[in-house]
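Architecture at a glance
Below are the chains, spelled out letter by letter.
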Amino acid sequence: MGHKGLDKIIALQKNPANIRNLCILAHVDHGKTTLADCLVASNGIISSRLAGKLRYLDSREDEQLRGITMKSSAISLHYAFGEKEYLLNLIDSPGHVDFSSEVSTAVRLCDGAIVIVDAVEGVCPQTQAVLRQAWLENIRPVLVLNKMDRLISELKLTSLEAFTHLQKILEQVNAVTGALFTSKVLEERAEKEEQKEKKEQKERDSSGSQAGESQAAETPGADQVYDWSAGLEETDDSHLYFSPDQGNVVFASAIDGWGFSIQQFARIYSQKMGIREEVLCKTLWGDFFLNAKAKKIMKGAQAKGKKPLFVQLVLDNIWTLYDAVVTRRDKEKVEKMMTSLGVKVMARDSRHSDPKVLLSAICSQWLPISQAVLSMVCEKLPSPLDISTERIERLMSVGARRFDSLPERTQELKNAFVQCSREAEAPVIVFVSKMFAVDAKSLPQNKQRPLTHEELAERREQARQRHADRMAANQQAQSSAGPAHHVVSLPAGGEGDPIQMESLAAVKEPEVEEVAKDTFVAFARVYSGVVRRGQRVFILGPKYDPAQGLNMLPEGCMASDSVPEVPHLTCCTLDSLYLLMGRELEELDEVPSGNVLGIGGLEDFVLKSATISTSPACPPFIPLNFEATPIVRVAIEPKHPSEMPKLVRGMRLLNQADPCAEVLIQETGEHVLVTAGEVHLQRCLDDLRQRFAKIEITASKPIIPFRETVVRPPKLDMVNEELGRQHKTAIIHQVKEEAPQSRFSDTLHVDPGGLVTITTPNRLATVGVCALPLPAEVTCLLEASSELVRTLEQVNMSLREGRSLTVSPRTLEDIAHLKARLAALLQGHKWKNAVEHIWAFGPRRYGPNILLNSVEGYQRPSVWQCLDPAEKGAEPCAAALRDLDNSIVSGFQLATLSGPMCEEPLMGVCFSVERWDLQQTRARPEPPSRAAAPDSEAGEAVPEDGGAGLEAAAAATPEEEAGPGQVTRHWAGAGSAGCYGPVSGQLIAVMKEACRHAFQARPQRLMAAMYTCEIMATAEVLGRVYGVLGKREGRVLHEEMKEGTDMFLISAVLPVAESFGFADEIRKRTSGLASPQLVFSHWEVIASDPYWVPTTEEEYLHFGEKADSANQALKYMNAVRRRKGLYVEEKTVEHAEKQRTLGKNK
Ligand SMILES: Nc1nc2c(ncn2[C@@H]2O[C@H](COP(=O)(O)OP(=O)(O)OP(=O)(O)O)[C@@H](O)[C@H]2O)c(=O)[nH]1
Ligand SMILES: [Mg+2]
């Protein structure tokens, strides 16, 4: 990039009104990068001939090879529109689901988005996903209907058919937006209604107390009829929808380089036909036609069988052009059209054998796509100054907190945000959405820059000098036979040895560094203030609390002072600032607010994303919302074990460079990489090999996650015969057989109902637990609300510790809603009052399993206590907790984390504690607060001797009144632990064992992770697609024909375990015509019982004694067990025969 261009961009950065930060979003392959190419070409960065072929923003080798984008990358462009000059910070994003996290990082930094939809394929799953993401981040979209040329050359539609087709696509897109909008309006309305009600209630209360009962009858709204309008009618939503007459839709063919909005045509025809431009703008799209006789534009083209204006004035021209240039190659006609359009093309273009070359030469002059798209962007997308307060408040209120509960100084920052202030004293606020790796060599400071005249002159002089010296030395060497070659090889100009050494070192050093380092650049945006190179700033981690920070830091503390330690807050210097120019970076000295930029030197401070500010009052921004769930795991090893440290370092770097990949070390010591899908996995492995670790590595086969669950006893056997009681007893029999191996064998008792009771080794505590399958809907609900349950758990934790947390009413409402839905789903005699008795969720305190308190007479505070304000204000709830309550919860957490089948987490299981007895030994109680401490380690909950015991005795007094049922509450001190270790630890182990046995007493099943996929395929290859799906245990959900095309859209589900190589296989079998995208959708119970053995007579008859037909569940289970090094029961040799040599004995 030349100096001129850079200077221009720097100047433009200072005027936020003319800045547009935007990203390009779409389904995979709808043409984002191709469009970006056209826009980049308009700035002269690449040649317009190469636009669409180069895919400039796909700078990685594998991106070019595979033809898909994998990383989002940014480029700054300038555009002169009318009198004004604009700066466009454009971000191209990937469309493949595996990389949807990259979309989230892009969307966060933008104010607007270009959504591209393929004119043939229409709305696809990722189109919906990106529209939703844009909506969630509150950024405004404009639409580009791309690949219009396919309507002509592939689908061979007439212009009128194409018009109907386009209308339909537009409807589809608007339906998605409409659905998002409706849900928001309804939500807001409900909120408003509630607030109103509360206000009314308050007024009623106060007026009631003042004026007595006489006014009670006149309460406002008493005679109000229920208003069912839901507020949708009043809310103006017209600006939300895409409509060509609004100017937010462009029709384009990025590959042929043309695009237009109807405004462009309105301008052309208003001059030609003398109709006002505004009238044309309103009528060009829609059911209008031109009445030539009356010289009027009239409505009802369809009813009267007339050509709509759009077809007549717009599409027909394009169709004719394609027909003349591509289909008929009619030279004369083309010439004529070119003169009438005022277009001139170069001779080599018109002579080219490929008619497409001529076509794009004509089109890109007639209707240049960059102009159509960029003017729409400048006109319709908001500038950084238009950022809405709603969006700011959302960005700043983390977790369950309300914006107005934040400290005052934090709330004041909102103004700086809204104004996008650039004053010197304005606080700097920057958000880093991802870190990306850059080769240190390509950083501008390490690159060779062109030399100035003076430098050139100096170099020339030096070279001359060197040459002269060398000549002189040669002469000397010839005259005297000394070791002159030493001198010759050294650079000239160095007289003494020390200087020579120094200069050598100076030459060498940067080289060493270059090899060693792959630096990271932060992908960021300035929201307020001016960022300068060398500035000191605070880095705020996601858990930073501004209230705490302001308390701990001295007033007016700056990042430059020696800052006292505050959790999740660090200080650092901004080393270098970059302008992001696709493959290139340009160094900058300062960047004012409203711009996207790159920041160097943050790799030691920022892992993946962060908020940066000069003010400690700034809250961390809410985390990015990722649509993809990382689900594919592989274990990784270096090929040569000695290279382990390199691998560890490489994995750390990879973790930092990828927003979605997770890197962890499992308990087994394996290094595990978790990715969003197969393509993502491949990219991560390539990155590790070539970039971050630079060693050879071996990756295991993907580790497929499973879940374990219990089901109701089946009513039919494997041959569909009614089962009697014998099957049930068989299962229990099996458990009993296994039981003696267990550690607690002597105290374990399993009753026929499935209730398992175990006593601790010191015989002091006994628990009785039984397992029940949760209804599927409940499991789904818990799975979907895991974030909410986690919040609930945090609130409970702080309540238990006596702290209070300001929870937003929205969250409370969500919790209440969750509770109500759980209550509605847990119906029936078995679940009577179950919701009130929920003890905990697990594993990890928010998983989809429930621990139920069915201990008679044991009343503990409910998990829903935050909903009941009366309880909140009361005594700290710890007082009502029984000692060792937490041990039971910990035991449950451990049991649900790894089940007995193959040590995978449980799902959809309810453990009901029916019995919990503690023997009374000594009247010295344990401090209840300690017992209740969350996540206490086994040893921690044991009371110490001495003072603590006395204190606890006092604290425990109110507890004794807590419930009449708590008979055996007092608990022995450490003394009684004896040889068995701390009591709390024993109880955890016993509880865990009890859960495992209770689980085994029920029919157990494995659950498999399922992908959904949508496959678009033509009729010819449909059969083969079905074949592949069937082979891989996939299930087709539905199949429909995509309107206006010959494509079928198939939705199917497929187990993750069978999905590896699926996309490739489909592509191969259908010669690349169908390419599916797999998205994780849900967990599904595998119907077959892994422990199944024939029990009934019919089963024996049908399957034989060995029943060796394939059992899918058993296969999966054994594979997992083998991987984990667990015992696998298998017969390796069957029917062994003694070997003998047959030939000789005969
Ligand atoms: N016929 C036709 N093909 C197009 C058009 N625009 C793009 N393509 C082709 O569509 C394919 C995908 O284009 P890309 O620009 O890489 O698509 P993308 O949206 O960036 O894809 P991802 O980044 O992988 O999501 C390429 O083969 C392009 O040549 C168009 O207007 N017409
Ligand atoms: Mg792309």
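Residues numbered from 1 in each chain as written. Chains lettered and ligands numbered in written order. Predicted model: local features only at pLDDT ≥ 70, side-chain atom pairs only at ≥ 80, totals over all residues. Heavy atoms only, no water.

Attention now moves to the overall build of the protein. A tally of helices and strands in the protein yields 38 helices and 34 strands. When each of the 1146 residues of the protein is scored for burial, the buried share is 50%. Contacts in the protein between residues far apart in sequence, at least 24 positions, make up 75% of those at least 6 positions apart. Accessible surface computed for the protein: about 56,600 Å², of which carbon and sulfur atoms make up 51%. (Helix = DSSP H or I, 4+ residues; strand = E, 2+ residues; numbered from the N terminus. Buried < 20%, exposed > 50% of the residue type's maximum accessible area, 1.4 Å probe, protein only. Contact = heavy atoms within 4.5 Å. Areas by Shrake-Rupley, 256 points an atom, 1.4 Å probe, with all protein chains shown as cover.)

Another point: the environment of Leu 585. Inspection of the secondary structure assignment puts Leu 585 in strand S16 (residues 584–588). Separated by 64 residues in sequence, Leu 585 and Val 521 place their C-alpha atoms 10.0 Å apart. Setting aside chain neighbours within four positions, we find Leu 585 in contact with Val 438, Leu 443, Pro 444, Val 521, Tyr 578, Leu 579 and Leu 580.

A few words now on a positive patch on the surface. On the surface, a cluster of positive charge is contributed by Lys 441, Arg 649, Arg 652 and Lys 694. In this fold, Arg 649 is placed in helix H22 (residues 644–657). (Patch = residues over 30% accessible without salt bridge, like charges linked within 9 Å, V, L, I, M, F, W, Y side chains within 5 Å. Salt bridge = Lys/Arg side-chain N within 4 Å of Asp/Glu carboxyl O. Lys, Arg positive; Asp, Glu negative; His and termini not counted. Charge placed at Lys NZ, Arg CZ, Asp CG, Glu CD.)

What follows is about the coordination of the magnesium ion (ligand 2). Coordination of the magnesium ion (ligand 2) by the protein involves Thr 33 (OG1) and Thr 69 (OG1), with metal-donor separations of 1.9 Å. Highlighted residues: Thr 33 in helix H2 (residues 32–41) and Thr 69 in the loop between helix H3 (61–66) and strand S2 (73–81), separated in sequence by 36 residues. Relative accessible area serves as the criterion here: at 6%, Thr 33 is assigned to the buried category. (Donors = N, O, S within 2.8 Å, 3.2 Å for Na, K, Ca; no water.)

Within this structure, the stated rule accounts for zero disulfides. Of all cysteine sulfurs in the structure, the one in Cys 910 sits closest to Cys 770, which takes part in no disulfide; the separation is 7.9 Å. (Disulfide = S-S within 2.5 Å.)

Glancing now at the site of ligand 1. Residues in contact with ligand 1 amount to 20 residues; listed here are only the nearest, Lys 32, Thr 33, Thr 34, Thr 69 and Asp 149. Note that an oxygen atom of ligand 1 is positioned 2.9 Å from one of the backbone N or O atoms of Ala 254. The protein chains hide 84% of the 650 Å² of surface that ligand 1 would expose on its own. Of all elements in the fold, only H2 and helix H6 (148–153) reach the threshold of two or more residues within the shell around ligand 1. No other element matches the three residues that H2 contributes to the shell around ligand 1. (Near = heavy atom within 4 Å. Polar contact = N/O pair within 3.5 Å; in protein donor to acceptor, adjacent residues only side chain to side chain.)

To summarise the sheet geometry, strands pair through backbone hydrogen bonds and adopt either a parallel or an antiparallel arrangement. Read across the open sheet, the four strands follow the order S21-S22-S20-S23; overall the sheet is antiparallel. Each edge of the sheet is formed by a strand with only one pairing partner; in this case those strands are strand S21 (662–665) and strand S23 (697–699). On average, each strand axis in the sheet is inclined to that of its neighbour by 30°, with strand direction left out of account. H22 rests against strand S20 (632–638), S21, strand S22 (671–675) and S23 of the sheet, and its axis sits at about 25° to S22. Against the sheet, helix H23 (residues 678–692) touches S20, S22 and S23, its axis set at about 135° to S22. (Pairing = 2+ DSSP bridges. Axes fitted to C-alpha atoms, helices over the stretch in contact; angles between N-to-C directions.)

Ile 114, Ile 599, Leu 602, Phe 911 and Trp 916 are the most contacted members of the largest nonpolar core, which totals 150 residues. Apart from the residues lying within four places of it in its own chain, the contact partners of Phe 911 are Val 769, Cys 770, Ala 771, Ile 850, Leu 851, Leu 852, Phe 892, Thr 896, Leu 906, Cys 995, Ala 998 and Phe 999. Of all hydrophobic cores here, the second largest spans 55 residues; its members include Met 148, Phe 251, Ala 266 and Leu 359. (Core = buried A, V, L, I, M, F, W, Y, C linked by side-chain atoms within 4.5 Å.)

Here the focus is helix H12 (residues 331–341). An α-helix turns once per 3.6 residues; consequently, residues spaced three or four apart project the same way. Within H12 the residues assigned to the buried category are Val 334, Met 337 and Met 338. In a view along the axis of H12, the buried residues occupy a sector of 100°, so they form one face of it. Opposite its buried face, H12 presents the exposed residues Glu 332, Lys 336, Thr 339 and Ser 340, each directed more than 90 degrees away. In this structure, the buried residues of H12 make contact with helix H11 (309–327) and helix H14 (355–366). Looking at the residues trailing H12, positive phi occurs at Gly 342, about 75°. (Arc of directions from axis to C-beta.)

Now for unusual backbone geometry. With omega at 0°, the peptide bond leading from Gly 842 into Pro 843 counts as cis. Position of Pro 843 relative to the elements: it lies in the loop between strand S28 (838–842) and strand S29 (849–853). Backbone geometry places Asn 138, a non-glycine residue, at a positive phi of 65°. Inspection of the secondary structure puts Asn 138 in the loop between helix H5 (125–136) and strand S5 (140–146). Overall, Asn 138 belongs to the partly exposed group, its relative accessible area being 32%. Phi angles above zero are rare outside glycine, and Lys 156 is one such case at about 55°. Looking at the secondary structure, you find Lys 156 in the loop between H6 and helix H7 (159–211).

Moving on: the sheet that holds strand S26 (residues 756–759). Reading across the sheet, the six strands line up as S25-S26-S27-S30-S29-S28 and stay open at both edges, with mixed pairing between neighbours. Edge positions in the sheet fall to strand S25 (749–750) and S28, since each has one partner strand and no second. Relative to strand S30 (residues 909–918), S29 runs parallel, the two sharing four bridges. Residue pairing across strands places Ile 850 opposite Cys 910, the latter belonging to S30. Strands strand S27 (765–773), S28, S29 and S30 of the sheet are contacted by helix H29 (residues 885–897), whose axis makes an angle of about 35° with S28.

The next point concerns the packing of aromatic side chains. Taken as a whole, this structure holds 26 aromatic pairs when the rule is applied. Note on Phe 163 and Trp 285: the rings are 5.2 Å apart at their centroids and 75° apart in plane angle, and the pair reads as edge-to-face. Separated by 122 residues along the polypeptide, Phe 163 in helix H7 and Trp 285 in the loop between helix H9 (277–283) and strand S8 (288–291) bring together distant segments of the chain. In this pair, the class of Phe 163 matches that of Trp 285, namely buried. When the ring of Trp 839 is compared with that of Trp 916, the centres are 6.1 Å apart and the planes differ by 45°; the resulting orientation is tilted. Of the two residues, Trp 839 is situated in strand S28 and Trp 916 in strand S30; the sequence distance between them amounts to 77 residues. Note on Trp 839: relative accessible area 2%, which makes it buried. Assessed through its relative accessible area of 2%, Trp 916 is described here as buried. Counting every residue linked through ring pairs, the aromatic cluster contains Phe 163, Phe 251, Trp 258, Phe 260, Phe 265, Tyr 269, Trp 285, Phe 310, Tyr 322 and Trp 366. (Phe/Tyr/Trp six-rings, centres within 6.5 Å; stacked < 30°, edge-to-face > 60°.)

Viewed as axis vectors pointing N to C, H11 and H12 meet at an angle of 140°, and their least axial separation amounts to 8 Å. The orientation of H11 relative to H12 falls into the category oblique. When the axes of H11 and H12 are compared, the crossing they make is left-handed. Mapping the contact onto sequence places Asn 317, Thr 320, Leu 321, Ala 324 and Val 325 in H11 and Lys 333, Val 334 and Met 337 in H12. Here the residues of the contact of H11 with H12 are counted per class, giving five nonpolar, two polar and one charged. (Parallel < 35°, antiparallel > 145°, perpendicular 65-115°, else oblique. Left-handed = near helix turned anticlockwise from the far one by under 90°. Nonpolar A, V, L, I, M, F, W, Y, C, P; charged D, E, K, R; others polar.)

Averaged over all residues, the pLDDT of the protein is 79; the fraction at 70 or higher stands at 79%. Across residues 482–515, where pLDDT falls below 50, the model places 10 contacts with residues more than four positions away in sequence or in other chains. This stretch, residues 725–741, has a pLDDT under 50; its non-local contacts, to residues over four places away or in other chains, come to 17 contacts. (pLDDT = per-residue confidence, 0-100.)

With that out of the way, let us pick up the pairing of strand S15 (residues 576–581). The buried fraction of S15 amounts to six of the six residues, a majority that puts the element mostly inside the structure. Of the two faces of S15, both are covered, the one formed by Ser 576, Tyr 578 and Leu 580 as well as the one formed by Leu 577, Leu 579 and Met 581. In this sheet, strand S18 (residues 596–600) lies alongside S15 in antiparallel orientation, the contact comprising three bridges. Residue Tyr 578 lies in a different strand from S18, and its bridge partner there is Gly 598.

It is worth spelling out the pattern of salt bridges at this point. For the structure shown, the criterion picks out 39 salt bridges. As a salt-bridge pair, Lys 1124 and Glu 904 come within 2.6 Å of each other at their nearest N and O atoms. Here Lys 1124 is found in the loop between helix H37 (1112–1123) and helix H38 (1142–1145), whereas its partner Glu 904 is found in the loop between H29 and S30, with 220 residues between them in sequence. Judged by relative accessible area, Lys 1124 falls into the partly exposed class, the value being 27%. The exposure class assigned to Glu 904 is buried, which follows from its relative accessible area of 8%. Taking the shortest distance from any N to any O, the salt bridge between Arg 1032 and Glu 1065 comes out at 2.6 Å. With Arg 1032 in the loop between helix H34 (1022–1031) and strand S32 (1035–1041) and Glu 1065 in helix H35 (residues 1062–1069), this residue pair connects regions lying 33 residues apart in the sequence. As far as the burial class goes, Arg 1032 and Glu 1065 line up, both buried. Each member of the salt-bridge network shares a partner with another, and the members are Arg 60, Asp 62, Asp 658, Arg 683 and Asp 687.

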